[in-house]
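Residues per chain, in single letters:
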Amino acid sequence: MALRCGIVGLPNVGKSTLFNCISSSKAQAANFPFCTIEPNIGSTTVPDRRLQVLTDICHPKRTIPATVEIVDIAGLVKGASHGEGLGNQFLANIRETDAILHVLRCFDDGNITHVEGTIDPVRDKETIDIELQIKDLETVTNRIAKVQKQAQTGGDKQARKALDLLLRYKEVLEQGRNAREVVPENPDEVRLSKEFCLLTCKPVLYVCNVDEASASTGNQYVEALREAVKYENAGIMVIAAKIESEIAELDDPQEREMFLAEIGLEESGVSRLIRAAYALLNLRTFFTAGADECRAWTIHVGDKAPQAAGVIHTDFEKGFIRAEVIRYDDFVALGSESACRAAGKMGSEGKDYEVQDGDIIHFLFNV
């Protein structure tokens, strides 16, 4: 599965610049509100040094990294839910995403306008929260109207479960709180919550867009935001999107490393952001490695071997027999699958095996 993230924020906070940083596509970035009209959709590979090490060992015909898909919509403004601006009409484009990247302006620059006239990321966060909450409340209210009659007069047990959860969401949203504060109580509610695709149910990573001087240290705006969200179950990271987008344009990897070092960073903001998104969503990576292909696959923490097999192909999960597993460190140390097998470093695992980050797996199945 490819990780899919949606970028939200006010106009002129650096959303499209960040998109350019992390995507193979190039969005327009300019100093006026609603520069982004149509949603921008792009993708980038997940940086993982381990995949290159496996490629160097196996010399496969092809190497396929995991990918991240990025959706950038028009900037939201106060009143978007009532038709102000353009962003609200594109919210449907991020309903199917796994996580929200909420970009906040944390830098001063008199040459770049701010729709509110002053820099205040805490206020800006609250503005976007309200617009997403209102949109979710609209969604929940419409769903309640559809299932209420079935639940109350039709004796539909599934409709009853859906109504109970929707009413809890409605109560929270009407209080100006995010839907993610409602914790599903059983597997049915987990399934239903995914089906509803509520925007404020999604995990959020606050991306503080700072000036170059604050790239490695942050600033007072970042600290104010950090304090404001400290009780949220959310991620927060700092990135200087403008300078990083310029660095990303460089073809020479050594040049990129040199410029990153100049602003006090050991790795790019893209790498840090993707790693933060993986941590936020409790994701892991496993590998398949051989002469034909070395490939990275993304799964959730806690996924068992059949579920991981299903990421490759549904037939692998349906007909799962067993998984032959080698630890990444053992594979690198011994240099091949046959050497690992001979040394007793290949384990034969069944349906209850929880796949670990970095596992190299060969699945046996029969359909």
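The structure we're discussing is the one just above.
Described in the following lines is the structure provided in the data block. Keep in mind that what you see is a predicted model, and the values were worked out from it rather than measured. (Residues numbered from 1 in each chain as written. Predicted model: local features only at pLDDT ≥ 70, side-chain atom pairs only at ≥ 80, totals over all residues. Heavy atoms only, no water.)

1. Thoughts on the overall build of the chain
Counted only if it meets this: Each helix corresponds to a stretch of at least 4 residues labelled H or I by DSSP, and each strand to a stretch of at least 2 residues labelled E; elements are numbered beginning at the N terminus. Only protein chains enter the calculation, and the probe is 1.4 Å; a residue is then buried if its accessible area is under 20% of its type maximum, exposed if over 50%, and partly exposed in between. The criterion used for residue contact is that any of the two residues' heavy atoms lie within 4.5 Å.
Each helix and strand counted, the chain has 13 helices and twelve strands in total. A burial count over the chain gives 47% of its 367 residues as buried. Counting only contacts in the chain whose residues sit at least 6 apart along the sequence, the fraction spanning at least 24 positions is 68%.

2. A few points about the pairing of strand 7 (residues 235–239)
Operational definition: DSSP-based pairing: two strands are paired if at least 2 bridges between them are found. Place the viewer so that the strands point away; then a crossover is right-handed whenever the path from the first strand over the helix to the second strand goes clockwise.
Burial runs high along strand 7: four of the five residues are buried. Here five bridges tie strand 6 (residues 204–209) to strand 7, and the two strands are oriented parallel to one another. Counterpart to Y206 in the pairing with strand 7 is I236. In terms of handedness, the path from strand 6 via helix 6 (residues 220–228) over to strand 7 forms a crossover that is right-handed.

3. A word on the side chain of D359
For clarity, the threshold we go by: Pairs of N or O atoms are called polar contacts if they sit within 3.5 Å, as long as, within protein, a hydrogen donor faces a hydrogen acceptor (for residues adjacent in sequence, only side-chain-to-side-chain pairs).
Here D359 is to be found in the loop between strand 11 (346–349) and strand 12 (360–365). Within the structure, D359 has its side chain in polar contact with the side chain of Y353 (distance 2.6 Å). One polar contact links the side chain of D359 to the main-chain amide nitrogen of Q356, over a distance of 2.9 Å. Those residues in contact with D359 that sit more than four places away from it in its chain are T285, F286, F287, V325, I326, R327 and Y353.

4. Here's the deal with the pattern of salt bridges
We apply this condition: Here a salt bridge means any side-chain nitrogen of Lys or Arg lying within 4 Å of a carboxyl oxygen belonging to Asp or Glu.
Tallied over the full model, the rule gives 28 salt bridges. Here R160 and D164 are joined by a salt bridge, their closest N and O atoms 2.6 Å apart. Taken together, the residues R160 and D164, both in helix 4 (residues 157–174) and four residues apart, mark about one turn of the helix. What makes R160 partly exposed here is its relative accessible area of 32%. Linking E227 and K230 is a salt bridge whose minimum nitrogen-to-oxygen distance equals 2.6 Å.

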